Amino acid sequence: MPQDQNFLSPSANVLINIFEQEEKEKDDDKMVVNALISKVATFYEKFRTAMDYGSEETIPRRAIERMLKRMLFLDKNSKTLAENLVRELVWAGYFPNATVPESIINDVAKTITLYLRLKDKITDKKTFPKDEANNFILDILSCEILNTLHPNKEKNTVANFMYKTLKDCVIIEDDSEQTRDIQVYLAIRKNFAKDDNPTLKYKLFRQVFGKLTDQNFEHSVSEFNKGYKEIKYQLTYPKKERIYNHIKKKTPPFLILYEILLKERGKIKEFVNDETQLREKIVDVCDGKYKNIRSKVQTAIIRSFIFILVTKAFFALMVEGTFESIVLGGIQWGSIALNTVIPPLIMLAVGLSIKTPGAQNSNLIWEDIQKLLFEENPHLLDTLSIKLKAESSKTLYDYIFSLLWFSSSIITFGLIWYILGLLGFNPLSKGIFIFYIAIISFLSYRIYQAANNYTITRKQSIFTPIFDFLFVPVVRVGRSLTEGISQINFLLLVIDFLIEAPFKGTIGFFEQWFLFAANKREELE
(Lines give C-alpha, C1' and ligand atoms only; values in the text may rest on other atoms or scores of the structure.)
Protein backbone atom coordinates (compact mmCIF):
# COMPACT_ATOMS: atom_id res chain seq x y z
CA MET A 1 0.00 0.00 0.00
CA PRO A 2 1.54 3.35 -1.01
CA GLN A 3 2.67 5.62 1.80
CA ASP A 4 1.78 9.30 1.68
CA GLN A 5 4.73 11.57 2.22
CA ASN A 6 2.71 13.45 4.84
CA PHE A 7 3.14 10.40 7.04
CA LEU A 8 6.89 10.86 7.13
CA SER A 9 7.93 11.37 10.73
CA PRO A 10 9.04 14.91 11.67
CA SER A 11 12.60 13.69 12.29
CA ALA A 12 12.73 11.97 8.88
CA ASN A 13 11.42 15.13 7.23
CA VAL A 14 14.19 17.19 8.81
CA LEU A 15 16.76 14.60 7.75
CA ILE A 16 15.59 14.53 4.14
CA ASN A 17 15.42 18.33 3.95
CA ILE A 18 19.12 18.53 4.82
CA PHE A 19 19.93 16.39 1.79
CA GLU A 20 17.52 18.31 -0.44
CA GLN A 21 19.27 21.62 0.20
CA GLU A 22 21.51 22.87 -2.58
CA GLU A 23 25.09 23.53 -1.58
CA LYS A 24 26.35 26.96 -2.54
CA GLU A 25 29.96 26.96 -3.67
CA LYS A 26 32.22 29.83 -2.72
CA ASP A 27 32.54 32.14 -5.68
CA ASP A 28 36.31 32.60 -5.61
CA ASP A 29 39.44 31.17 -7.17
CA LYS A 30 40.09 27.46 -6.76
CA MET A 31 43.42 25.82 -6.09
CA VAL A 32 44.73 24.27 -9.32
CA VAL A 33 47.65 21.84 -9.48
CA ASN A 34 49.49 20.33 -12.44
CA ALA A 35 47.78 17.12 -13.62
CA LEU A 36 51.07 15.22 -14.14
CA ILE A 37 52.35 16.25 -10.71
CA SER A 38 49.05 15.15 -9.18
CA LYS A 39 49.29 11.68 -10.74
CA VAL A 40 52.80 11.17 -9.39
CA ALA A 41 51.81 12.41 -5.92
CA THR A 42 48.66 10.27 -5.90
CA PHE A 43 50.67 7.15 -6.77
CA TYR A 44 53.09 7.87 -3.92
CA GLU A 45 50.22 8.52 -1.49
CA LYS A 46 48.60 5.19 -2.28
CA PHE A 47 51.90 3.44 -1.64
CA ARG A 48 52.46 5.34 1.62
CA THR A 49 48.98 4.78 3.05
CA ALA A 50 49.20 1.08 2.20
CA MET A 51 52.03 0.80 4.74
CA ASP A 52 50.07 2.56 7.47
CA TYR A 53 47.79 0.90 10.00
CA GLY A 54 44.21 2.13 10.00
CA SER A 55 40.87 1.89 8.26
CA GLU A 56 40.14 3.24 4.80
CA GLU A 57 37.73 5.86 6.16
CA THR A 58 40.41 7.50 8.32
CA ILE A 59 43.06 7.80 5.59
CA PRO A 60 42.50 11.55 4.89
CA ARG A 61 42.79 12.48 8.57
CA ARG A 62 45.90 10.37 9.03
CA ALA A 63 47.41 11.90 5.90
CA ILE A 64 46.86 15.40 7.31
CA GLU A 65 48.42 14.38 10.62
CA ARG A 66 51.43 12.84 8.87
CA MET A 67 51.97 15.89 6.67
CA LEU A 68 51.61 18.23 9.64
CA LYS A 69 54.27 16.36 11.62
CA ARG A 70 56.72 16.67 8.77
CA MET A 71 55.91 20.31 8.00
CA LEU A 72 55.98 21.46 11.63
CA PHE A 73 59.45 19.98 11.93
CA LEU A 74 60.64 22.23 9.10
CA ASP A 75 58.50 25.38 9.35
CA LYS A 76 56.07 26.80 11.93
CA ASN A 77 54.65 29.67 9.88
CA SER A 78 50.88 29.02 9.88
CA LYS A 79 50.14 30.63 6.52
CA THR A 80 52.94 28.71 4.78
CA LEU A 81 51.92 25.50 6.52
CA ALA A 82 48.29 25.92 5.49
CA GLU A 83 49.11 26.65 1.85
CA ASN A 84 51.57 23.76 1.54
CA LEU A 85 49.26 21.35 3.36
CA VAL A 86 46.20 22.11 1.22
CA ARG A 87 48.29 21.92 -1.95
CA GLU A 88 49.72 18.53 -0.97
CA LEU A 89 46.23 17.21 -0.20
CA VAL A 90 45.07 18.25 -3.67
CA TRP A 91 48.23 16.77 -5.21
CA ALA A 92 47.53 13.47 -3.47
CA GLY A 93 43.95 13.34 -4.75
CA TYR A 94 42.17 13.72 -1.42
CA PHE A 95 40.29 16.65 -2.96
CA PRO A 96 39.55 16.98 -6.69
CA ASN A 97 41.65 19.46 -8.62
CA ALA A 98 40.18 22.95 -8.95
CA THR A 99 37.50 22.38 -6.27
CA VAL A 100 39.14 23.75 -3.10
CA PRO A 101 38.66 27.55 -2.71
CA GLU A 102 41.95 29.36 -2.18
CA SER A 103 40.26 31.47 0.50
CA ILE A 104 40.00 28.39 2.70
CA ILE A 105 43.76 28.55 3.22
CA ASN A 106 43.21 31.52 5.55
CA ASP A 107 40.76 29.46 7.62
CA VAL A 108 43.23 26.58 7.87
CA ALA A 109 46.05 28.98 8.80
CA LYS A 110 43.96 30.51 11.59
CA THR A 111 43.11 27.05 12.89
CA ILE A 112 46.79 26.05 12.94
CA THR A 113 47.72 29.27 14.77
CA LEU A 114 45.07 28.75 17.46
CA TYR A 115 45.97 25.14 18.17
CA LEU A 116 49.72 25.77 18.23
CA ARG A 117 49.09 28.62 20.69
CA LEU A 118 46.96 26.28 22.80
CA LYS A 119 49.74 23.68 22.82
CA ASP A 120 52.32 26.29 23.88
CA LYS A 121 50.07 27.64 26.65
CA ILE A 122 49.42 24.15 28.00
CA THR A 123 53.08 23.14 28.03
CA ASP A 124 54.15 26.49 29.53
CA LYS A 125 51.96 25.77 32.57
CA LYS A 126 54.09 22.63 33.18
CA THR A 127 51.08 20.74 34.53
CA PHE A 128 50.83 18.53 31.48
CA PRO A 129 53.43 16.21 29.88
CA LYS A 130 54.82 17.90 26.76
CA ASP A 131 54.76 14.80 24.52
CA GLU A 132 51.22 13.96 25.57
CA ALA A 133 50.09 17.53 24.86
CA ASN A 134 51.81 17.50 21.44
CA ASN A 135 50.13 14.25 20.42
CA PHE A 136 46.72 15.31 21.68
CA ILE A 137 46.79 18.72 19.99
CA LEU A 138 48.06 17.21 16.73
CA ASP A 139 45.20 14.70 16.76
CA ILE A 140 42.62 17.44 17.35
CA LEU A 141 44.23 19.79 14.82
CA SER A 142 44.23 17.20 12.03
CA CYS A 143 40.51 16.61 12.62
CA GLU A 144 39.72 20.33 12.71
CA ILE A 145 41.54 20.91 9.42
CA LEU A 146 39.72 18.00 7.78
CA ASN A 147 36.43 19.36 9.08
CA THR A 148 37.29 22.78 7.64
CA LEU A 149 38.11 21.34 4.23
CA HIS A 150 35.36 18.72 4.17
CA PRO A 151 32.63 19.30 6.81
CA ASN A 152 30.50 16.36 5.61
CA LYS A 153 27.32 17.83 7.08
CA GLU A 154 25.20 15.05 5.61
CA LYS A 155 27.04 12.21 7.36
CA ASN A 156 26.97 14.10 10.64
CA THR A 157 23.23 14.68 10.22
CA VAL A 158 22.54 10.96 9.76
CA ALA A 159 24.80 10.17 12.75
CA ASN A 160 22.77 12.59 14.88
CA PHE A 161 19.54 11.05 13.57
CA MET A 162 20.89 7.63 14.54
CA TYR A 163 21.80 8.93 17.99
CA LYS A 164 18.29 10.30 18.53
CA THR A 165 16.82 6.96 17.45
CA LEU A 166 19.05 4.63 19.49
CA LYS A 167 19.97 6.75 22.52
CA ASP A 168 17.42 5.14 24.83
CA CYS A 169 18.29 1.56 23.90
CA VAL A 170 21.10 1.61 26.48
CA ILE A 171 20.75 1.98 30.24
CA ILE A 172 23.72 2.24 32.60
CA GLU A 173 22.10 1.59 35.97
CA ASP A 174 24.84 2.99 38.20
CA ASP A 175 26.15 5.88 36.12
CA SER A 176 24.83 9.23 34.95
CA GLU A 177 22.56 9.74 31.97
CA GLN A 178 25.16 12.13 30.55
CA THR A 179 27.78 9.37 30.49
CA ARG A 180 25.27 7.03 28.85
CA ASP A 181 24.55 9.63 26.16
CA ILE A 182 28.25 10.18 25.50
CA GLN A 183 28.96 6.45 25.25
CA VAL A 184 26.07 5.85 22.84
CA TYR A 185 27.23 8.83 20.77
CA LEU A 186 30.80 7.48 20.61
CA ALA A 187 29.52 4.00 19.69
CA ILE A 188 27.49 5.51 16.85
CA ARG A 189 30.44 7.54 15.58
CA LYS A 190 32.65 4.42 15.57
CA ASN A 191 30.03 2.18 13.95
CA PHE A 192 28.41 4.53 11.46
CA ALA A 193 31.05 7.18 10.69
CA LYS A 194 34.01 4.79 11.26
CA ASP A 195 35.75 7.42 13.39
CA ASP A 196 39.16 6.49 14.79
CA ASN A 197 40.36 7.39 18.28
CA PRO A 198 41.76 10.85 17.36
CA THR A 199 38.46 11.76 15.68
CA LEU A 200 36.55 10.69 18.78
CA LYS A 201 38.89 12.88 20.84
CA TYR A 202 38.04 15.76 18.54
CA LYS A 203 34.29 15.15 18.83
CA LEU A 204 34.56 15.14 22.63
CA PHE A 205 36.82 18.21 22.58
CA ARG A 206 34.15 20.09 20.63
CA GLN A 207 31.53 18.91 23.12
CA VAL A 208 33.57 20.12 26.10
CA PHE A 209 35.05 23.36 24.74
CA GLY A 210 33.17 24.08 21.52
CA LYS A 211 34.99 25.19 18.39
CA LEU A 212 38.29 26.76 19.41
CA THR A 213 38.17 30.51 18.75
CA ASP A 214 39.83 33.67 20.02
CA GLN A 215 36.79 34.22 22.22
CA ASN A 216 36.94 30.91 24.12
CA PHE A 217 40.72 30.46 23.91
CA GLU A 218 41.57 31.51 27.49
CA HIS A 219 38.73 29.42 28.87
CA SER A 220 40.01 26.41 26.93
CA VAL A 221 43.50 26.94 28.39
CA SER A 222 42.31 27.29 31.99
CA GLU A 223 39.96 24.29 31.80
CA PHE A 224 42.13 22.10 29.57
CA ASN A 225 43.35 19.66 32.23
CA LYS A 226 39.84 19.08 33.52
CA GLY A 227 38.44 18.63 30.00
CA TYR A 228 41.28 16.32 29.00
CA LYS A 229 40.64 14.04 31.99
CA GLU A 230 36.97 13.81 31.04
CA ILE A 231 37.82 13.00 27.42
CA LYS A 232 40.31 10.35 28.49
CA TYR A 233 37.78 8.82 30.89
CA GLN A 234 35.07 8.59 28.25
CA LEU A 235 37.43 7.03 25.68
CA THR A 236 38.54 4.36 28.17
CA TYR A 237 35.12 3.70 29.68
CA PRO A 238 34.98 0.12 31.03
CA LYS A 239 31.72 -0.81 29.30
CA LYS A 240 32.33 0.91 25.97
CA GLU A 241 32.84 -2.33 24.01
CA ARG A 242 29.49 -3.76 25.12
CA ILE A 243 27.71 -0.58 24.10
CA TYR A 244 29.61 -0.50 20.80
CA ASN A 245 28.64 -4.09 19.94
CA HIS A 246 25.01 -3.44 20.89
CA ILE A 247 24.74 -0.39 18.62
CA LYS A 248 26.53 -2.29 15.85
CA LYS A 249 23.54 -4.63 15.44
CA LYS A 250 21.42 -1.88 13.91
CA THR A 251 24.02 0.19 12.07
CA PRO A 252 23.37 -1.33 8.56
CA PRO A 253 19.94 0.35 8.04
CA PHE A 254 21.46 3.77 8.73
CA LEU A 255 24.38 3.10 6.37
CA ILE A 256 21.99 2.12 3.57
CA LEU A 257 19.66 5.05 4.29
CA TYR A 258 22.64 7.41 4.11
CA GLU A 259 23.66 5.99 0.72
CA ILE A 260 20.13 6.37 -0.63
CA LEU A 261 19.91 9.98 0.56
CA LEU A 262 23.21 10.74 -1.14
CA LYS A 263 22.42 8.86 -4.34
CA GLU A 264 18.94 10.33 -4.76
CA ARG A 265 19.75 13.85 -3.58
CA GLY A 266 17.27 16.36 -4.92
CA LYS A 267 14.56 13.83 -5.80
CA ILE A 268 14.07 11.89 -2.57
CA LYS A 269 10.56 13.10 -1.88
CA GLU A 270 9.52 12.11 -5.39
CA PHE A 271 9.70 8.40 -4.58
CA VAL A 272 9.73 8.12 -0.79
CA ASN A 273 5.91 8.06 -0.72
CA ASP A 274 5.84 5.11 -3.14
CA GLU A 275 6.44 1.92 -1.16
CA THR A 276 7.31 -0.19 -4.21
CA GLN A 277 9.79 2.34 -5.59
CA LEU A 278 11.34 2.92 -2.18
CA ARG A 279 11.80 -0.81 -1.67
CA GLU A 280 13.44 -1.15 -5.09
CA LYS A 281 15.85 1.67 -4.26
CA ILE A 282 16.79 0.07 -0.93
CA VAL A 283 17.33 -3.39 -2.43
CA ASP A 284 19.33 -1.88 -5.30
CA VAL A 285 21.64 0.00 -2.92
CA CYS A 286 22.01 -3.12 -0.74
CA ASP A 287 22.96 -5.25 -3.75
CA GLY A 288 25.50 -2.63 -4.84
CA LYS A 289 27.08 -2.61 -1.40
CA TYR A 290 27.20 -6.39 -1.27
CA LYS A 291 28.99 -6.52 -4.62
CA ASN A 292 31.43 -3.87 -3.43
CA ILE A 293 32.39 -5.92 -0.38
CA ARG A 294 34.68 -8.20 -2.40
CA SER A 295 36.74 -5.34 -3.83
CA LYS A 296 36.97 -3.69 -0.41
CA VAL A 297 38.16 -6.96 1.10
CA GLN A 298 40.81 -7.30 -1.60
CA THR A 299 41.99 -3.73 -0.98
CA ALA A 300 42.12 -4.31 2.78
CA ILE A 301 44.07 -7.54 2.30
CA ILE A 302 46.61 -5.82 0.02
CA ARG A 303 47.04 -2.90 2.47
CA SER A 304 47.38 -5.26 5.43
CA PHE A 305 49.89 -7.44 3.59
CA ILE A 306 52.03 -4.44 2.65
CA PHE A 307 51.86 -3.27 6.28
CA ILE A 308 53.09 -6.69 7.44
CA LEU A 309 55.72 -6.92 4.72
CA VAL A 310 57.20 -3.51 5.51
CA THR A 311 57.34 -4.05 9.27
CA LYS A 312 58.85 -7.51 8.76
CA ALA A 313 61.46 -6.25 6.32
CA PHE A 314 62.52 -3.59 8.79
CA PHE A 315 62.25 -5.56 12.03
CA ALA A 316 62.17 -9.32 11.58
CA LEU A 317 64.79 -9.71 8.85
CA MET A 318 67.25 -7.34 10.52
CA VAL A 319 66.88 -8.80 14.02
CA GLU A 320 66.40 -12.43 13.03
CA GLY A 321 69.04 -12.37 10.30
CA THR A 322 71.63 -10.68 12.53
CA PHE A 323 70.95 -13.09 15.43
CA GLU A 324 71.18 -16.19 13.26
CA SER A 325 74.32 -14.98 11.50
CA ILE A 326 76.12 -14.29 14.78
CA VAL A 327 74.81 -17.08 17.02
CA LEU A 328 74.04 -19.86 14.54
CA GLY A 329 76.59 -19.01 11.89
CA GLY A 330 74.04 -18.56 9.09
CA ILE A 331 70.54 -17.40 8.25
CA GLN A 332 67.77 -20.00 8.50
CA TRP A 333 66.00 -19.22 5.25
CA GLY A 334 63.33 -21.87 5.92
CA SER A 335 61.87 -20.01 8.89
CA ILE A 336 62.07 -16.70 7.05
CA ALA A 337 60.28 -18.25 4.05
CA LEU A 338 57.49 -19.58 6.27
CA ASN A 339 57.15 -16.19 7.96
CA THR A 340 56.81 -14.64 4.50
CA VAL A 341 54.47 -17.18 2.90
CA ILE A 342 51.99 -17.79 5.72
CA PRO A 343 50.62 -14.18 6.00
CA PRO A 344 49.18 -14.04 2.45
CA LEU A 345 47.85 -17.59 2.82
CA ILE A 346 45.96 -16.68 6.01
CA MET A 347 44.57 -13.51 4.46
CA LEU A 348 43.63 -15.39 1.29
CA ALA A 349 41.75 -17.95 3.39
CA VAL A 350 39.91 -15.12 5.17
CA GLY A 351 39.00 -13.52 1.84
CA LEU A 352 37.62 -16.80 0.47
CA SER A 353 35.61 -17.46 3.64
CA ILE A 354 33.74 -14.16 3.49
CA LYS A 355 30.17 -14.50 2.23
CA THR A 356 28.09 -11.55 1.12
CA PRO A 357 24.62 -11.03 2.64
CA GLY A 358 21.51 -12.14 0.76
CA ALA A 359 17.89 -11.14 0.15
CA GLN A 360 16.86 -11.86 3.74
CA ASN A 361 19.33 -9.29 5.01
CA SER A 362 18.03 -6.70 2.51
CA ASN A 363 14.45 -7.36 3.68
CA LEU A 364 15.44 -6.72 7.29
CA ILE A 365 17.13 -3.47 6.28
CA TRP A 366 14.02 -2.47 4.30
CA GLU A 367 11.79 -3.08 7.33
CA ASP A 368 14.04 -1.01 9.59
CA ILE A 369 14.26 1.88 7.12
CA GLN A 370 10.47 1.94 6.90
CA LYS A 371 10.34 2.38 10.66
CA LEU A 372 12.98 5.12 10.51
CA LEU A 373 11.07 7.09 7.89
CA PHE A 374 7.48 6.69 9.08
CA GLU A 375 7.67 6.28 12.86
CA GLU A 376 8.71 9.15 15.11
CA ASN A 377 10.06 6.85 17.83
CA PRO A 378 10.93 3.61 16.03
CA HIS A 379 11.88 0.57 18.10
CA LEU A 380 14.84 -1.08 16.42
CA LEU A 381 16.79 -2.51 19.33
CA ASP A 382 16.02 -4.17 22.63
CA THR A 383 17.31 -2.25 25.63
CA LEU A 384 20.78 -3.12 26.89
CA SER A 385 20.96 -2.72 30.66
CA ILE A 386 24.44 -2.75 32.17
CA LYS A 387 26.11 -1.93 35.45
CA LEU A 388 29.49 -0.28 35.83
CA LYS A 389 30.23 -2.09 39.07
CA ALA A 390 29.61 -5.72 39.82
CA GLU A 391 26.75 -6.36 42.25
CA SER A 392 28.82 -8.71 44.39
CA SER A 393 32.18 -10.36 44.64
CA LYS A 394 33.27 -12.82 42.00
CA THR A 395 31.57 -16.19 41.95
CA LEU A 396 33.19 -19.58 41.49
CA TYR A 397 32.14 -19.49 37.83
CA ASP A 398 34.02 -16.22 37.30
CA TYR A 399 37.25 -17.78 38.59
CA ILE A 400 36.70 -20.92 36.50
CA PHE A 401 36.05 -18.90 33.34
CA SER A 402 39.09 -16.70 33.96
CA LEU A 403 41.21 -19.83 34.39
CA LEU A 404 39.81 -21.33 31.18
CA TRP A 405 40.51 -18.10 29.29
CA PHE A 406 44.10 -18.05 30.56
CA SER A 407 44.41 -21.74 29.69
CA SER A 408 43.20 -21.11 26.13
CA SER A 409 46.01 -18.58 25.63
CA ILE A 410 48.61 -20.98 27.00
CA ILE A 411 47.29 -23.87 24.90
CA THR A 412 47.19 -21.89 21.66
CA PHE A 413 50.60 -20.25 21.93
CA GLY A 414 52.11 -23.38 23.44
CA LEU A 415 50.86 -25.49 20.53
CA ILE A 416 52.33 -23.06 18.00
CA TRP A 417 55.63 -23.02 19.90
CA TYR A 418 55.74 -26.83 19.95
CA ILE A 419 55.00 -27.22 16.21
CA LEU A 420 57.65 -24.64 15.34
CA GLY A 421 60.14 -26.61 17.43
CA LEU A 422 59.38 -29.71 15.38
CA LEU A 423 60.11 -27.65 12.25
CA GLY A 424 63.54 -26.70 13.58
CA PHE A 425 62.87 -23.04 14.48
CA ASN A 426 65.23 -21.46 16.98
CA PRO A 427 63.71 -19.54 19.98
CA LEU A 428 64.04 -16.12 18.31
CA SER A 429 62.44 -17.37 15.08
CA LYS A 430 59.60 -18.86 17.12
CA GLY A 431 59.03 -15.55 18.89
CA ILE A 432 59.01 -13.60 15.63
CA PHE A 433 56.67 -16.14 14.00
CA ILE A 434 54.19 -15.90 16.89
CA PHE A 435 54.56 -12.11 16.85
CA TYR A 436 53.47 -11.94 13.21
CA ILE A 437 50.81 -14.64 13.48
CA ALA A 438 49.14 -12.55 16.21
CA ILE A 439 49.24 -9.40 14.07
CA ILE A 440 48.00 -11.21 10.96
CA SER A 441 45.18 -12.81 12.94
CA PHE A 442 44.00 -9.41 14.15
CA LEU A 443 44.22 -7.77 10.72
CA SER A 444 42.36 -10.73 9.17
CA TYR A 445 39.68 -10.55 11.83
CA ARG A 446 39.30 -6.82 11.25
CA ILE A 447 38.90 -7.43 7.49
CA TYR A 448 36.22 -10.02 8.25
CA GLN A 449 34.40 -7.57 10.51
CA ALA A 450 34.58 -4.81 7.88
CA ALA A 451 33.07 -7.18 5.31
CA ASN A 452 30.04 -7.58 7.58
CA ASN A 453 29.27 -3.86 7.90
CA TYR A 454 25.94 -4.35 6.14
CA THR A 455 24.96 -7.63 7.79
CA ILE A 456 22.20 -7.43 10.41
CA THR A 457 21.98 -11.07 11.46
CA ARG A 458 25.10 -13.15 11.78
CA LYS A 459 24.73 -16.89 12.13
CA GLN A 460 27.17 -18.73 14.35
CA SER A 461 28.64 -21.93 12.99
CA ILE A 462 29.54 -25.03 14.98
CA PHE A 463 33.16 -23.85 14.84
CA THR A 464 32.45 -20.49 16.56
CA PRO A 465 33.07 -21.82 20.13
CA ILE A 466 36.36 -23.35 18.97
CA PHE A 467 37.37 -20.03 17.38
CA ASP A 468 36.47 -18.15 20.57
CA PHE A 469 38.48 -20.53 22.73
CA LEU A 470 41.62 -20.93 20.61
CA PHE A 471 41.94 -17.88 18.37
CA VAL A 472 40.35 -14.91 20.16
CA PRO A 473 43.32 -14.73 22.59
CA VAL A 474 45.66 -14.55 19.58
CA VAL A 475 43.52 -11.83 17.98
CA ARG A 476 43.54 -9.77 21.19
CA VAL A 477 47.32 -10.01 21.44
CA GLY A 478 47.57 -9.08 17.76
CA ARG A 479 45.49 -5.94 18.31
CA SER A 480 47.79 -4.73 21.07
CA LEU A 481 50.90 -5.46 19.00
CA THR A 482 49.52 -3.82 15.85
CA GLU A 483 48.55 -0.64 17.66
CA GLY A 484 51.99 -0.56 19.26
CA ILE A 485 53.79 -1.02 15.94
CA SER A 486 51.78 1.79 14.36
CA GLN A 487 53.16 4.12 17.02
CA ILE A 488 56.83 3.08 16.75
CA ASN A 489 57.24 2.09 13.12
CA PHE A 490 60.66 3.61 12.56
CA LEU A 491 60.71 2.74 8.88
CA LEU A 492 57.67 4.96 8.33
CA LEU A 493 59.37 7.77 10.24
CA VAL A 494 62.38 7.42 7.92
CA ILE A 495 60.10 7.51 4.87
CA ASP A 496 58.20 10.55 6.13
CA PHE A 497 61.23 12.67 7.00
CA LEU A 498 64.05 11.44 4.77
CA ILE A 499 62.12 10.42 1.65
CA GLU A 500 58.77 12.19 1.63
CA ALA A 501 60.13 15.66 2.45
CA PRO A 502 62.62 15.85 -0.46
CA PHE A 503 60.14 14.03 -2.72
CA LYS A 504 57.41 16.61 -2.06
CA GLY A 505 59.98 19.40 -2.39
CA THR A 506 60.98 18.08 -5.81
CA ILE A 507 57.35 17.87 -6.86
CA GLY A 508 56.82 21.46 -5.75
CA PHE A 509 59.86 22.60 -7.73
CA PHE A 510 58.64 20.92 -10.93
CA GLU A 511 55.15 22.34 -10.50
CA GLN A 512 56.61 25.84 -10.26
CA TRP A 513 58.77 25.10 -13.30
CA PHE A 514 55.76 23.92 -15.31
CA LEU A 515 53.90 27.08 -14.30
CA PHE A 516 56.87 29.24 -15.32
CA ALA A 517 57.12 27.46 -18.70
CA ALA A 518 53.37 27.87 -19.25
CA ASN A 519 53.63 31.62 -18.58
CA LYS A 520 56.48 31.91 -21.11
CA ARG A 521 54.37 30.02 -23.66
CA GLU A 522 51.46 32.40 -23.09
CA GLU A 523 53.75 35.36 -23.78
CA LEU A 524 54.21 34.00 -27.33
CA GLU A 525 50.48 34.12 -28.07
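Quick notes on the rules
Residues numbered from 1 in each chain as written. Predicted model: local features only at pLDDT ≥ 70, side-chain atom pairs only at ≥ 80, totals over all residues. Heavy atoms only, no water. Phe/Tyr/Trp six-rings, centres within 6.5 Å; stacked < 30°, edge-to-face > 60°. Helix = DSSP H or I, 4+ residues; strand = E, 2+ residues; numbered from the N terminus. Buried < 20%, exposed > 50% of the residue type's maximum accessible area, 1.4 Å probe, protein only. pLDDT = per-residue confidence, 0-100. Contact = heavy atoms within 4.5 Å. Salt bridge = Lys/Arg side-chain N within 4 Å of Asp/Glu carboxyl O. Axes fitted to C-alpha atoms, helices over the stretch in contact; angles between N-to-C directions. Parallel < 35°, antiparallel > 145°, perpendicular 65-115°, else oblique. Left-handed = near helix turned anticlockwise from the far one by under 90°. Nonpolar A, V, L, I, M, F, W, Y, C, P; charged D, E, K, R; others polar. Patch = residues over 30% accessible without salt bridge, like charges linked within 9 Å, V, L, I, M, F, W, Y side chains within 5 Å. Areas by Shrake-Rupley, 256 points an atom, 1.4 Å probe, with all protein chains shown as cover.

(A) A look at the packing of aromatic side chains. All told, the structure shown has 12 aromatic pairs when counted by the stated rule. For the pair F136 and Y228, a centre-to-centre distance of 5.0 Å together with 80° between the ring planes defines the contact as edge-to-face. Taken together, the positions of F136 in helix α6 (residues 130–149) and Y228 in helix α11 (residues 224–235) put the pair 92 residues apart, joining distant regions of the chain. Note on Y228: relative accessible area 13%, which makes it buried.

(B) View of the confidence of the model for the protein. For the protein, per-residue confidence averages 82 on the pLDDT scale, and residues scoring 70 or more make up 81% of the total. Note on residues 1–6: pLDDT under 50 across the span, and 11 contacts to partners over four residues away in sequence or across chains.

(C) Representation of the pattern of salt bridges within the structure. One pass over the structure, following the stated rule, counts 21 salt bridges. Between E376 and K164 there is a salt bridge, with its nearest N and O atoms 3.3 Å apart. Linking E376 in the loop between α17 (359–374) and β2 (384–386) with K164 in helix α7 (residues 153–166), this pair joins segments that are 212 residues apart in sequence. Residue classification places E376 among the partly exposed residues on the basis of a relative accessible area of 32%. For E264, the salt bridge goes to K281, with nearest N and O atoms at 3.3 Å. Residue E264 is found in the loop between α13 (252–263) and α14 (268–271), and its partner K281 is found in helix α15 (residues 275–328); the two are separated by 17 residues along the sequence. Residue E264 is classed as buried on the basis of its relative accessible area of 6%. Judged by relative accessible area, K281 falls into the partly exposed class, the value being 25%. Each of R61, E65, K69 and D196 takes part in a single network of salt bridges with overlapping partners.

(D) Structural context of unusual backbone geometry. Positive phi outside glycine occurs at A98, with the angle close to 65°. As for its placement among the helices and strands, A98 is situated in the loop between α4 (78–91) and α5 (104–124).

(E) Examining the packing of helix α9 (residues 197–209) against α11 more closely. Their axes nearest at 10 Å, the elements α9 and α11 cross at an angle of 135°. For the element pair α9 / α11, the angle class is oblique. In the crossing of α9 with α11, the sense of the turn from one axis to the other is right-handed. Residues N197, L200, K201, L204, F205, V208 and F209 of α9 form the contact with α11, whose own contacting residues are F224, G227, I231, Q234 and L235. The class makeup of the residues in the contact of α9 with α11 is eight nonpolar, three polar and one charged.

(F) Just a nonpolar patch on the surface, in detail. Nonpolar side chains collect at one region of the surface, where L338, L415, Y418, I419, L422 and L423 lie side by side and expose about 620 Å² of accessible area between them. By residue number, the principal contributor to the nonpolar patch is helix α18 (residues 396–422), which donates four residues. Here L423 lies in the loop between α18 and α19 (427–451). Classification of L423 as exposed rests on a relative accessible area of 54%.

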